[in-house]
Amino acid sequence: MLPILQRYFLRRWSSPFLGALLLYGGLILAWEMIGISKEIFSMGAPFRWLTPYLLTQVPETLGMVFPMAAVLGGLLGSQQLSEGSEMVASQGLGVGMRYLLRPWAILSVALILISALNANILVPKINNIQQSIRSRMLDEAQTRFLKPGSPPFFPPSNPNNAIWIDSTGEIHFMESNPQGVQHLVAQSMDWARVETKGQLTSINLEFKDLNGCLVRKENGSIVHIKQKTLNFAIPVSAPSGSVLPPTPVRYLSTSSLFRDASLQARIELGRRFS
């Protein structure tokens, strides 16, 4: 148990630290929420996934906020002690500098330990949960608008296109442009995820055995179309609000990073221990 005076100093430093933690953490999470919302909207998933997805960002956000909050908390706490002449009064009572620095040292060591555990253990494990959430979110988006009898789906990135599967299972692809209106019916469709560096970048739809027509706006003529395949990509917005862009090694365990001789692994190790 620390003496009363040291507990008092520890409280004067820890209070602004916690306040700065909430301030900086809230600002970064608000920025993350913007990027996550764009990603959810672009893939057509329900917004109920926003909360669990955002919660999985908390450990990585804390890893970035801890150093900033520690600096601000130390400065504000020391300023308050100085303005109230509490440091001078303590020294006048015979309290040495080592006695005054001990609470700050305790807070610093605790912060280092928490940061190390968070960066090396918690963040890699939470990433597995995050990837599972993203996979389930994408599957729900697929079954939400690509199922028989569902309402037509208008991709946010391509509002002039519509995809609809009627109650019999026929797949309708519609497109409106300045030249005319096109309506095609496909017998089957393949769904594929396109990823770049471990991040989902688009959803590729391949329609097969299409028949339909094109109505030209200029003269009202009708052109019959028969097409073997048609590829249509739905871009998925990456979480652009992310302060730390994802890398292939970002969420590997620390032991795996030590076994990896690549430059990215060395940079990631340096970031975790810094």
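Residues numbered from 1 in each chain as written. Predicted model: local features only at pLDDT ≥ 70, side-chain atom pairs only at ≥ 80, totals over all residues. Heavy atoms only, no water.

Break down the pairing of strand β2 (residues 171–177) for me, with residues and values.
As judged from the five bridges shared by strand β1 (residues 161–165) and β2, these two strands associate in the antiparallel manner. Residue pairing across strands places W164 opposite H172, the latter belonging to β2. Between β1 and β2, which pair antiparallel and follow one another directly, the connecting turn spans five residues, one of which, G169, has a positive phi of 100°. (Pairing = 2+ DSSP bridges. Helix = DSSP H or I, 4+ residues; strand = E, 2+ residues; numbered from the N terminus.)

If you had to explain the environment of Y99 to someone new, which residues and values would you point to?
Inspection of the secondary structure puts Y99 in helix α5 (residues 97–145). Linking Y99 and L5, residues 94 residues apart in sequence, is a C-alpha distance of 9.3 Å. Ignoring sequence-local partners within four residues, the contact set of Y99 consists of P3, L5 and Q6. (Contact = heavy atoms within 4.5 Å.)

If you had to explain the pattern of salt bridges to someone new, which residues and values would you point to?
Applying the stated rule across the entire model yields four salt bridges. The shortest N-O distance in the salt bridge between K208 and D190 comes to 2.8 Å. Here D190 lies in strand β3 (residues 180–196) and K208 lies in strand β4 (residues 199–216), a separation of 18 residues in the sequence. Residue class for K208 comes out partly exposed when judged on its relative accessible area of 29%. Residue R271 pairs with E268 through a salt bridge whose shortest N-O separation is 2.8 Å. With R271 and E268 both in helix α7 (residues 263–273) and three residues apart, the pair spans about one turn of that helix. Judged by relative accessible area, E268 falls into the buried class, the value being 3%. (Salt bridge = Lys/Arg side-chain N within 4 Å of Asp/Glu carboxyl O. Buried < 20%, exposed > 50% of the residue type's maximum accessible area, 1.4 Å probe, protein only.)

So what's going on with unusual backbone geometry? Residues and values would help.
Phi angles above zero are rare outside glycine, and D209 is one such case at about 55°. Inspection of the secondary structure puts D209 in strand β4. Take D209: its relative accessible area is 34%, and that puts it in the partly exposed class.

Pulling in residues and values, what's your account of helix α3 (residues 58–83)?
Spanning 26 residues, α3 covers 35 Å between terminal C-alpha atoms, matching the ideal 38 Å at 1.5 Å per step. At V65, α3 shows its maximal bend, which comes to roughly 40°, and the proline P67 appears one to four places after that position. Along α3, the residues that are buried comprise P59, E60, T61, M64, V65, F66, A69, A70, G73, G74, G77 and L81. S85 occupies a position one or two residues after α3 and carries a positive phi of about 60°. (Expected span 1.5 Å × (residues − 1). Bend = angle between axes of the 7 residues up to and from the residue.)

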